[in-house]
Amino acid sequence: HVQLVESGGGSVQAGGSLRLSCAASGYIISRANMGWFRQAPGKEREGVAAINGPGTTAYGDSVKGRFTISKDNAKNTLYLQMNSLKPEDTAMYYCAARAGFMTWARLVQNDYHYWGQGTQVTVS
């Protein structure tokens, strides 16, 4: 049984930072494509960042230069470091994982099969 559990969300002022974590069980993240997506109130879900098994990354245009996706294979945990936060970053953030390998890292929702419950980020 695959489980993804996000943590680290909260409320911060504009310009602040947060680090989100996604702890995986029943799934080996070192071999996998994983990503972060977010959904703001009244908006569609959008891709934030993605990483493949070897460590290649991809980012949504709105977060490039501010967010960094990384992973700790020994801890089987995915991270999203968020700096210079803006009110437009306010959303529920979801961790996602793909069943099966693909060479590239990309932010296509249908590429991913397992999803966490989400963690709320609010920037004021």
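Above: the structure in question.
In this convention, every chain numbers its residues from 1, walking through the sequence in written order. In view of the model being predicted, local features appear only for residues whose pLDDT reaches at least 70, and side-chain atom pairs are presented and counted only at 80 or more, with totals across whole chains, interfaces and linings using the full set of residues. Based on all heavy atoms of the structure, the side-chain values leave hydrogens and waters out of the count.

## Things to note about the pattern of salt bridges
Part 1 of the argument: Salt bridges are identified by distance alone: a Lys or Arg side-chain nitrogen within 4 Å of an Asp or Glu carboxyl oxygen. Across all of its chains, the model carries five salt bridges by this definition.
Part 2 of the argument: Residue Arg38 pairs with Asp89 through a salt bridge whose shortest N-O separation is 2.9 Å. Of this pair, Arg38 sits in strand β4 (residues 34–39) while Asp89 is found in the loop between β8 (77–82) and β9 (91–97), placing the two residues 51 residues apart along the sequence. Judged on exposure class, the residue Arg38 and its partner Asp89 are both buried.
Part 3 of the argument: Residues Lys64 and Asp61 are paired through a salt bridge, measuring 3.0 Å at the closest nitrogen-oxygen approach.
Part 4 of the argument: Type-normalised accessible area, obtained with a 1.4 Å probe on protein chains alone, sets the label of each residue: buried when under 20%, exposed when over 50%, and partly exposed for intermediate values. Under the relative-accessibility criterion, Asp61 is labelled exposed at 67%. Under the scheme used here, helices are H or I runs from DSSP no shorter than 4 residues and strands are E runs no shorter than 2 residues, and both carry numbers assigned from the N terminus.

## A short note on the state of the cysteines
Part 1 of the argument: Note on terminology: pairs of cysteine sulfur atoms within 2.5 Å are recorded as disulfides. All told, the structure shown has one disulfide when counted by the stated rule.
Part 2 of the argument: Cys22 shares a disulfide with Cys95; S-S distance 2.0 Å. Looking down the S-S bond of the Cys22 and Cys95 bridge, the torsion is -75°, so its handedness is left-handed. Here Cys95 lies in strand β9 and Cys22 lies in strand β3 (residues 18–25), a separation of 73 residues in the sequence.
Part 3 of the argument: Owing to a relative accessible area of 0%, Cys95 belongs among the buried residues under this scheme.

## Re unusual backbone geometry
Trans is the common state for peptide bonds, and a negative phi is the common state for residues other than glycine.
Part 1 of the argument: The backbone of Asn76 sits at a positive phi, close to 55°, despite the residue not being glycine.
Part 2 of the argument: Exposure remark for Asn76: the relative accessible area of 15% places this residue in the buried category.
Part 3 of the argument: Its identity as a non-glycine residue notwithstanding, Ser84 has a phi of 50°, on the positive side.
Part 4 of the argument: Here Ser84 lies in the loop between β8 and β9.
Part 5 of the argument: Owing to a relative accessible area of 41%, Ser84 belongs among the partly exposed residues under this scheme.

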